[in-house]
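What follows is the residue order along each chain.
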Amino acid sequence: MSTDSLSLEKNTYRKNTTMPPAKVSTLSDREVLEANVLRQLLEHYFKIVRAAVLDAVPKAVMLMMVNAIQDNIQERLMQAIYLTEDDGAFSGLTRESEEVRRRRSEVKKLVASLRRGIAVMREL
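Residues numbered from 1 in each chain as written. Predicted model: local features only at pLDDT ≥ 70, side-chain atom pairs only at ≥ 80, totals over all residues. Heavy atoms only, no water.

Secondary structure assignment for the protein yields four helices and zero strands. Starting at the N terminus, the α and β elements of the protein follow one another as α-α-α-α. Per-residue burial for the protein yields a buried fraction of 0% across its 124 residues. Total accessible area on the protein stands at roughly 12200 Å², and carbon and sulfur atoms take up 62% of it. (Helix = DSSP H or I, 4+ residues; strand = E, 2+ residues; numbered from the N terminus. Buried < 20%, exposed > 50% of the residue type's maximum accessible area, 1.4 Å probe, protein only. Areas by Shrake-Rupley, 256 points an atom, 1.4 Å probe, with all protein chains shown as cover.)

On to the pattern of salt bridges. Inspection of the entire model under this criterion finds seven salt bridges. We note a salt bridge from arginine 102 to glutamate 99, for which the minimum N-O separation is 2.4 Å. Of the two residues, arginine 102 and glutamate 99 both sit in helix 4 (residues 98–123), three residues apart, roughly one turn of that helix. Residue class for arginine 102 comes out partly exposed when judged on its relative accessible area of 40%. (Salt bridge = Lys/Arg side-chain N within 4 Å of Asp/Glu carboxyl O.)

Our next topic: the confidence of the model for the protein. When pLDDT is averaged across the protein, the result is 82; 73% of the residues are at 70 or more. Within the protein, no element has a lower average pLDDT than helix 1 (residues 3–18), which sits at 54, and none a higher one than helix 4, at 94. (pLDDT = per-residue confidence, 0-100.)

This is the structure we're talking about:
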């Protein structure tokens, strides 16, 4: 083979591999229908995703804002309770009512009598 015929074959090969085919096949009616259905399904899917994101973003922002405000308010309230110069305010918040004190003493007496009863039963 001569060098001219080799270069001619290489040029022909390059043209055939880099050039698109001369005739583009047309799609059948079924393929066109399937492509349209797929396009519609994708458009519907993206609409759903877009709506979900549009719904989720404000909720996430509000959640972050509420959590930040909650932490800030809780910190301020605790400072207001513990750092007041008036100890009466703090003691007033932690004071038990008379009913709770009375019930506590009754329960203590009941527990003591139950323990004595258990001790007596162990001795038998």
